[in-house]
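Below are the chains, spelled out letter by letter.
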Amino acid sequence: MAAHDLPSFRDLGPERVRAVLRELIADLDPPAPEMALIEDRMLPTRAGPLPIRVYRPPLADDRRLPAVLYFHGGGYVTGGIEESAHEARQLAARIP
């Protein structure tokens with residue numbers, strides 16, 4: 001954090017930590033793989049709707065693909081759909 005002239009995560013609020021994480025990911029990771037489809041959906045649960053995002057890698061055909069369910073981390077406070085997008089694209093790109 002000192003290299004980026006920022007206080008520790010515990011001294012920042014969750015919203016600022018999420019913004020910093022997005023900036024660090026953009027600075028450190030290579031470009032995310034292209035996807036044929038990225039779609040936001042709501043998954044009904046007993047606790048209420050849960051936002052999910054579907055990534056479909058580019059393929060020559062329209063075949064059914066296996067599904068990978070990725071639960072983001074970040075203590076479930078600082079991580080989220082946007083902060084996990086790059087890693088999710090990486091996983092989707094590896095589906096045969």
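Being a predicted model, the structure only gives us computed values, none of them experimental. Chains are numbered independently. Their residues run from 1 in the order of the written sequence. It should be noted that, the model being predicted, local features are given only for residues of pLDDT at least 70 and side-chain atom pairs only at 80 or more, the latter also being counted only at that level, while totals for whole chains, interfaces and linings use all residues. The basis for the side-chain values is all heavy atoms of the structure; hydrogens and waters are excluded.

Chemist: Got a minute to help me understand the overall build of the protein chain in this structure?
Modeler: Each helix corresponds to a stretch of at least 4 residues labelled H or I by DSSP, and each strand to a stretch of at least 2 residues labelled E; elements are numbered beginning at the N terminus. Helix and strand counts for the protein chain come out as 2 helices and 2 strands. When the helices and strands of the protein chain are read in sequence order from the N terminus, they spell out α-β-β-α. Looking at the protein chain as a whole, 22% of its 96 residues qualify as buried. Areas reported as accessible are Shrake-Rupley estimates using a 1.4 Å probe. Residue values count occlusion only from the protein chains shown. Summing over all exposed atoms, the protein chain offers an accessible surface of approximately 7300 Å²; the carbon and sulfur share of this is 56%. Summary of the burial criterion: residues with accessible area below 20% of their type's maximum are buried, those above 50% are exposed, and those between are partly exposed, where the area comes from a 1.4 Å probe applied to protein chains only.

Chemist: Hey, could you run me through helix H1 (residues 14-28) in this one?
Modeler: Each full turn of the α-helix corresponds to 3.6 residues, which orients residues three or four apart in the same direction. An ideal rise of 1.5 Å per residue puts 21 Å on 15 residues; H1 measures up with 21 Å between its terminal C-alpha atoms. Taken together, the buried positions of H1 are occupied by Val-17, Ala-19, Val-20 and Leu-24. All buried residues of H1 project into a common sector of 160° when viewed along the axis, lining one side. Among the exposed residues of H1, those pointing more than 90 degrees away from its buried face are Glu-15 and Ala-26. An expected span of 1.5 Å times one less than the residue number is assigned to each helix. As used here, the arc is the angular range of directions from the helix axis to the C-beta atoms.

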